Amino acid sequence: MIPWLEANTPFPDVSEALTTDAPGLLAAGADLSPQRLLQAYRNGIFPWFSEGQPILWWSTDPRMVLYTDRFKVSDSLKKTLRKVERSRIKGGPWVVRFDSAFESVMRSCAAPRKDGPGTWISEDIIAGYTGLHRMGYAHSAEVWLDGELVGGAYGVCIGRMFYGESMFARVSDASKVALAYLVAFLRSQGVRMLDCQQETGHLASLGAFPIPRKAFLEHVREAIAEPAIERWEVASPLTT
């Protein structure tokens, strides 16, 4: 049985997470306030649940991560990045921004996909993370085409640790473009690792791979103790 968390109940140690049935499931309950979310991320824990379920908290072992110096860019994506970068510099139809439409990125990530229904991102999730955004902990990378938001990614940054949450694309490769610019910026700021949470083939194709939870938590403890990034400014991606 996993513990039920009340409003002021601290998280159990991640070593108590389930190893069978629902591997990584640690606890249920509590709330999605910015303070609770920060407590979770600082301890290598993240929320993930479906509509109709209570809030579920996870700490998976192993943990899927992406090192910023191992981000893989396909030849086709390199071509797209060069096009977007030329446009961005010359004032063309493609624009890349950080943090100009955070809630819109979240809602786009929550919207139904071509191959299925909407994601688990509920109104409570949106409220919690937009609260983190107002506090300076949550950030978005956005891709715009002719003034329309066509792709993006968002996540949480504490110190020099970035926790990726979700991406979306309305045109081909737009989410990957957002991620490429985000990874380039984070690498320039000394962020060595992005937490990817879930192990998927798509993430693996971008260079992510699983590491033991112990190694992940050791990195988190060091990274969150470093100074926060002060200015989020778009620069050229690494591969152009």
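In what follows, the structure referred to is the one given above.
Chemist: Tell me about the overall build of the protein, residues and numbers included.
Modeler: Each helix and strand in the protein was counted, giving 7 helices and 11 strands. Against the globule reference of 18 Å for 240 residues, the protein gives a C-alpha radius of gyration of 18 Å, in line with a compact fold. Seen along its three principal axes, the alpha-carbon backbone of the protein occupies a region of about 55 × 35 × 35 Å. Looking at the protein as a whole, 51% of its 240 residues are labelled buried. Considering only intrachain contacts with a sequence separation of at least 6, the fraction spanning at least 24 residues in the protein is 71%. Accessible area for the protein stands at about 11,600 Å²; split by element, carbon and sulfur atoms hold 50% of it. Looking at the protein, you have 26 positive and 27 negative side-chain charges, and the mean spots of the two groups are 9 Å apart.

Chemist: Would you mind going over the sheet that holds strand β8 (residues 148–158) in detail, with residue names and values included?
Modeler: With mixed pairing, the 7 strands of this open sheet are ordered in space as β6-β7-β8-β9-β10-β5-β11. Sheet topology places β6 (94–98) and β11 (209–211) at the edges, where each strand pairs with a single neighbour. Across this sheet, the average inter-strand angle for adjacent strands is 35°, counted without regard to direction. Where strand β5 (residues 63–67) lies against strand β10 (residues 193–197), 4 bridges are found, and the strand directions are antiparallel. Residue Val65 lies in a different strand from β10, and its bridge partner there is Asp195. Each of β5, β8, β9 (161–169), β10 and β11 touches helix α7 (residues 213–224); the most contacted strand, β9, lies at about 105° to it.

Chemist: Quick rundown of the side chain of Asp195? Include the residues and the values.
Modeler: Within the secondary structure, Asp195 sits in strand β10. The exposure class of Asp195 is buried, given its relative accessible area of 1%. Polar contacts involving the side chain of Asp195 include one to the main-chain amide nitrogen of Gln197, which spans 3.0 Å. In contact with Asp195, other than residues within four places in its own chain, are Arg63, Met64, Met161, Phe162, Tyr163, Gly164 and Phe216.

Chemist: Outline the nonpolar core, supporting the account with residue identities and numerical values.
Modeler: With 50 residues, the main nonpolar core has Trp57, Ile121, Tyr129 and Phe216 as its most contacted residues. If you look at the next biggest cluster of nonpolar residues, it comprises 35 residues, including Met64, Phe71, Cys196 and Leu206.

Conventions and cut-offs
- Residues take numbers from 1 onward in each chain, read along the sequence in its written order.
- In view of the model being predicted, local features appear only for residues whose pLDDT reaches at least 70, and side-chain atom pairs are presented and counted only at 80 or more, with totals across whole chains, interfaces and linings using the full set of residues.
- Note that the side-chain values use all heavy atoms of the structure and ignore hydrogens as well as water.
- Helix and strand definitions here come from DSSP, where helices need a minimum of 4 consecutive H or I residues and strands a minimum of 2 consecutive E residues; each element is numbered from the N-terminal end.
- We take the radius of gyration over the C-alpha atoms and set the globule estimate at 2.2 Å times the residue count to the 0.38 power.
- Note on exposure labels: buried denotes an accessible area under 20% of the residue type's maximum, exposed denotes more than 50%, and partly exposed covers the range between, all computed with a 1.4 Å probe on protein chains only.
- When checking whether two residues touch, look at their non-hydrogen atoms; a contact exists if any pair is within 4.5 Å.
- Residue burial considers only the protein chains on display, and all accessible areas are found by Shrake-Rupley using a 1.4 Å probe.
- Under the convention used here, Asp and Glu are negative, Lys and Arg are positive, and both His and the chain ends fall outside the count.
- Charge positions come from single atoms, namely NZ of Lys, CZ of Arg, CG of Asp or CD of Glu.
- Two strands pair under a simple rule: DSSP has to find at least two bridges between them.
- What counts as an axis is a line fitted to C-alpha atoms, over the stretch in contact for a helix, and the angles between N-to-C directions run from 0 to 180 degrees.
- Here a polar contact means two N or O atoms within 3.5 Å. Within protein one must be a hydrogen donor candidate and the other an acceptor candidate, and residues neighboring in sequence count only if both atoms are side-chain atoms.
- To qualify as a nonpolar core, a set must consist of buried Ala, Val, Leu, Ile, Met, Phe, Trp, Tyr and Cys residues joined through side-chain atoms within 4.5 Å.

Such coordinate-based values are descriptive only and should not be taken to indicate function.
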